[in-house]
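A structural walkthrough
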Amino acid sequence: MKKSFGPKPYIYPQPVLIIATYNEDGTANAMNAAWGGVCDYSKISMILDKNHKTVKNILKRKAFTVSIADLPRMIQADYFGIASGNDTPDKVKKAGLSYTKSSMVDAPVIEEFPLTLECELISYDEKTERVIGEVVNTLIDETILTDDKVDLNKFKPITFDSVNHHYVSLGEKEGNAFSDGKKLAE
């Protein structure tokens, strides 16, 4: 029997996104956001409160990067969700991470996160607080690739369990997409 919990958007897995922007002084700012994902073939969408320093930076620079948090940098990723860029200058440096300027957009690339999307701002809706970005390039560290494909066993991305407030790493391969279901089509 199923138990009702009301209108809760419990979607699993929920990515842990690290959004990086430049502050007015040129230092990097980063925040942790879990309310986001793919919304088109080359677009991503995130819900970000307009009071975040990151949103102010995105609106000013019209660009941002999004890295997928991984298990080795879980503590830094969580810190980016705890400390506010409005109160804490140079959060990236304080977290012990480094960054370089993206060659594609006016935003920093945090070097230690192995997968980063370089994005241009398409829109921000103040009412819904929805950011839509065009992915203009994807950077992937070769250490997480096998045959030029992301290898989740090497990458170890983490997800956010919004019910229990836990981070969970993705597990082993359990099947083959667009293949295993063919058994039922016969």
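Refer to the structure above for everything that follows.
A few points on the structure. Remember, it's a predicted structure, so these values are computed and weren't measured experimentally. (Residues numbered from 1 in each chain as written. Predicted model: local features only at pLDDT ≥ 70, side-chain atom pairs only at ≥ 80, totals over all residues. Heavy atoms only, no water.)

**Section: the packing of aromatic side chains**
Going through the model one piece at a time under the given rule, you end up with three aromatic pairs. Considering the side-chain rings of phenylalanine 160 and tyrosine 167, the 6.3 Å spacing of their centres and the 55° angle between planes classify their relative orientation as tilted. Judged by relative accessible area, tyrosine 167 falls into the partly exposed class, the value being 26%. (Phe/Tyr/Trp six-rings, centres within 6.5 Å; stacked < 30°, edge-to-face > 60°. Buried < 20%, exposed > 50% of the residue type's maximum accessible area, 1.4 Å probe, protein only.)

**Looking at a nonpolar patch on the surface**
Together, Phe5, Tyr10, Tyr12 and Val163 line one region of the surface with nonpolar side chains, adding up to about 420 Å² of accessible area. Structurally, the position occupied by valine 163 is in the loop between β12 (158-161) and β13 (166-169). Classification of valine 163 by relative accessible area gives partly exposed; the value is 36%. (Patch = residues over 30% accessible without salt bridge, like charges linked within 9 Å, V, L, I, M, F, W, Y side chains within 5 Å. Areas by Shrake-Rupley, 256 points an atom, 1.4 Å probe, with all protein chains shown as cover. Salt bridge = Lys/Arg side-chain N within 4 Å of Asp/Glu carboxyl O. Helix = DSSP H or I, 4+ residues; strand = E, 2+ residues; numbered from the N terminus.)

**Notes on the environment of serine 169**
Relative to the helices and strands, serine 169 is located in strand β13. Here serine 169 is in contact with Leu71, Pro157 and Ile158, once residues within four sequence places are set aside. (Contact = heavy atoms within 4.5 Å.)

**A word on the pairing of strand β9 (residues 130-140)**
Two elements, strand β4 (residues 43-47) and β9, share five bridges in a ladder whose sense is antiparallel. Each bridged residue has a counterpart across the sheet, and for isoleucine 44 the counterpart in β9 is glycine 133. (Pairing = 2+ DSSP bridges.)

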